[in-house]
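Coordinate analysis (summary)
Residues per chain are reported as follows:
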Amino acid sequence: MIRPTPRLLALAAAAPPVATALILIDERLWMLATLLLVGLGVAAVVDARLGLRPSRLSIKAAPPSTLSVGLRRRGGPEGEIIRRAGAEPEILTLDIAAEAGAADPKIDGRLDVGPRLEPLSDFSFRLGPERRRRLEIPLTPLRRGEAQIERLWLRWPGPLGLSWRGRIETLEISVPAMPDLSGVRRAALALDRRSALFGLKPQTTGGDGAEFDALRDYHPGMDRRGVDWKRTAKHRKLLVKEFQAERNHNVVLALDSGHLMREPLQGAPKLDHAINAALTLGYQALVEGDRVGAFGFDAQVRFYHPPRPGKNAFPAVQKALSSLDYALEETNFTLGLTRLATALDRRSIIILITDFLDTVSAELMVDTLGHLSSRHLVLFAALKDPSLDALAFGAPADADELARAVTAAEIIRERRAVLTRLKRLGVDAIDVEPAELDAMMINRFLRAKRTVDPVAA
């Protein structure tokens, strides 16, 4: 593929007037005028022939095995994307080489990617003395699914700068974009370090739960409500009961994948933030000895993965949650949560991560959660947009900003009203920003375990 450069077009546009002017000055200069025109054409052909030929280039592409969705941004929603601590680099490696003795022009490049990847900037490079160059191009997924790397465009000028030569390399590479598991890895390392202190001996976790552990002599400062008066009378000394955190709970990670959850928030769709937090919480629960399942729904039930024990159950939970796609339909809470309640045969801790707009659209959700919380312990998390607070409580500069501030304040008021109604129904409900979602949900979950009887029917 050979194309003229702007330099050649400018010379081609200037050559006829110059040749005409030479002939007008002196008819005997017609030979010089002809040579000028012919010489320009010959120079263009020679430039194209002496330049780097596309057939002398070899291109090899090595994509990452997976991509992680939900990495944080620096400086707000529109800021620079940064990786969480411990996240592996996600780069596409391009090895470009030319035959020995080939020309080494400045090569301009561009990559065509699919809609699930952030568009890439153009780049330039030279092959160097060894006629070989390795390029590392960072990839940033916008949504989960199969991210496509479609084509590589390269072009370079000839030695005289009169012609462009180029090459289009069809890559057709698919890379799965998965939920970000860096939080799960950190939780795993923390739990492994904690358990390493105890070697291979069984380890129990003390707490304020309802599972009896042992009797201890009473010491000043202990809670007197734990005194076992019957055994105190028998042994004639004060004895207190100690409890350990319960295990073997049923934990269900229920995620809404409706149209509100596909909206971007702090660099990733709300659904991806929810999946990342759910996986972190699920791994924590499995390590603590609980049984973890997954449930996905929007206008219909997408899947139900029954609770299973042990860390070996985590890949199945990860696969189920990763399969949740972004839906365009409105969420049917009545259908989804009723199906979930029917599927559960014992009292469980249900972690529901969703979002809502106002009190009207949340009416059916509140009613259904009220029925569900009568049998199960429900932890409810809505994803909060930090920009709402900035709009509502910032100083408006004009009438338009004032109108936006009033609207944002009304949205915040209605969200608080919905959360208040849920709490009155016995649902532990929070409105939390994506950056704090995993930590807040783990804290609420650990607190909830102290109030649930794991064997209650």
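Being a predicted model, the structure only gives us computed values, none of them experimental.

1. So, the nonpolar core
- L253, L255, L321 and I351 are the most contacted members of the largest nonpolar core, which has 39 residues in total.
- Broken down by secondary-structure element, the contributors of at least two residues to this core are strand 14 (250-256), helix 5 (270-287), strand 17 (291-297), helix 6 (314-322), strand 19 (348-354), strand 20 (377-383), strand 21 (428-432) and helix 11 (437-449).
- For this core, the leading source of residues is helix 5, giving 10 residues.
- With 30 residues, the next largest nonpolar core counts L94, A98, V113 and A177 among its residues.

2. As for unusual backbone geometry
- Positive phi values are uncommon outside glycine, yet R131 reaches one of about 55°.
- Tracing the sequence through the fold places R131 in the loop between strand 8 (123-125) and strand 9 (132-138).
- Positive phi, normally seen in glycine, also occurs at E172, with a value near 50°.
- With respect to the helices and strands, the residue E172 is situated in strand 11 (residues 163-179).

3. Thoughts on the layout of surface pockets
- Looking at the largest pocket, its volume works out to about 350 Å³.
- Around the largest pocket sit 17 residues that line it, and R3, D108, W153, L154 and R155 are the ones nearest its centre.
- No other element matches strand 11, which puts 5 residues into the lining of the largest pocket.
- Taken together, the residues of the lining of the largest pocket break down into 6 nonpolar, 3 polar and 8 charged.
- As a volume, the second largest pocket reaches approximately 280 Å³.
- Lining of the second largest pocket is provided by 17 residues; of these, F356, L357, L388, I411 and R415 occupy positions nearest its centre.

4. Comments concerning helix 11
- Its 13 residues place the ends of helix 11 18 Å apart at the C-alpha level, agreeing with the 18 Å of an ideal helix rising 1.5 Å per residue.
- Inspection of helix 11 places L437, D438, M441, I442, F445, A448 and K449 among the buried residues, and these make up the whole buried set. Take helix 11 and look down its axis: the buried residues cluster within an arc of 125°, on one side only.
- Here the buried face of helix 11 lies against strand 14, helix 5, strand 19, strand 20 and strand 21.

5. Side note on the sheet that holds strand 20
- Taking strand neighbours across the sheet as the criterion, the 6 strands line up as 18-17-14-19-20-21 in an open arrangement whose pairing is mixed. If you trace the sheet from one side to the other, it starts and ends with strand 18 (301-309) and strand 21, each paired once. Here the average twist between neighbouring strands, direction ignored, is 15°.
- Relative to strand 19, strand 14 runs parallel, the two being bridged by 6 bridges. Its bridge partner being in strand 19, V252 is matched across the sheet by I350.
- Docked against the sheet, helix 5 engages strand 14, strand 17, strand 18, strand 19 and strand 20, running at close to 175° with respect to strand 14.
- Strands in contact with helix 10 (residues 399-424) are strand 20 and strand 21; relative to strand 21, the strand with the most contacts, it is inclined by about 160°.

6. Overview of the sheet that holds strand 6 (residues 91-98)
- Read from one edge of the open sheet, 3 strands run 2-6-9, paired in antiparallel fashion. In this open sheet, the two edge strands, each paired with only one partner strand, are strand 2 (57-62) and strand 9. The average angle at which neighbouring strand axes cross in this sheet is 15°, direction not considered.
- When strand 6 meets strand 9, the two strands line up antiparallel, connected through 7 bridges. Along strand 9, the bridge assignment pairs I96 with R133.

7. Brief notes about the packing of helix 7 (residues 333-343) against helix 8 (residues 363-373)
- Their axes nearest at 9 Å, the elements helix 7 and helix 8 cross at an angle of 10°. Relative to helix 8, the element helix 7 is oriented roughly parallel. Note on packing geometry: the crossing formed by helix 7 with helix 8 is right-handed. For the pair helix 7 and helix 8, contact is made by F333, T334, L337, T338 and A341 and by L364, M365, T368, L369 and L372, respectively.
- Considered class by class, the residues forming the contact of helix 7 with helix 8 number 7 nonpolar, 3 polar and no charged.

8. A look at the packing of aromatic side chains
- Summed over the entire model, instances satisfying the criterion amount to 6 aromatic pairs.
- An angle of 25° between the planes, with centres 6.2 Å apart, marks the rings of F123 and F125 as stacked.
- Overall, the relative accessible area of 3% leaves F125 in the buried class.
- Taken together, F295, F297, Y304 and F333 form an aromatic cluster joined through their ring pairs.
- Between the NZ or CZ atom of R143 and the centre of the ring of Y326, over which it lies, the distance is 4.9 Å.
- Over the face of the ring belonging to Y326 we find R144, whose NZ or CZ atom lies 5.0 Å from the ring centre.

9. Some thoughts on the pairing of strand 14
- Of all the 7 residues making up strand 14, 7 are buried; the element is thus mostly covered by neighbouring parts of the structure.
- Here strand 14 runs beside strand 17; their pairing, made up of 7 bridges, is parallel. Residue V251 lies in a different strand from strand 17, and its bridge partner there is V292.

Rules of the game
- Residues numbered from 1 in each chain as written.
- Predicted model: local features only at pLDDT ≥ 70, side-chain atom pairs only at ≥ 80, totals over all residues.
- Heavy atoms only, no water.
- Core = buried A, V, L, I, M, F, W, Y, C linked by side-chain atoms within 4.5 Å.
- Buried < 20%, exposed > 50% of the residue type's maximum accessible area, 1.4 Å probe, protein only.
- Helix = DSSP H or I, 4+ residues; strand = E, 2+ residues; numbered from the N terminus.
- 1 Å grid on protein atoms, 1.4 Å probe; cavity = no way out; pocket = protein on both sides within 12 Å on 5 of 7 lines; lining within 4 Å.
- Points joined across faces, edges and corners; volume = space filled by probe spheres on them.
- Nonpolar A, V, L, I, M, F, W, Y, C, P; charged D, E, K, R; others polar.
- Expected span 1.5 Å × (residues − 1).
- Arc of directions from axis to C-beta.
- Contact = heavy atoms within 4.5 Å.
- Pairing = 2+ DSSP bridges.
- Axes fitted to C-alpha atoms, helices over the stretch in contact; angles between N-to-C directions.
- Parallel < 35°, antiparallel > 145°, perpendicular 65-115°, else oblique.
- Left-handed = near helix turned anticlockwise from the far one by under 90°.
- Phe/Tyr/Trp six-rings, centres within 6.5 Å; stacked < 30°, edge-to-face > 60°.
- Lys NZ or Arg CZ within 6 Å of the ring centre and 35° of its normal.

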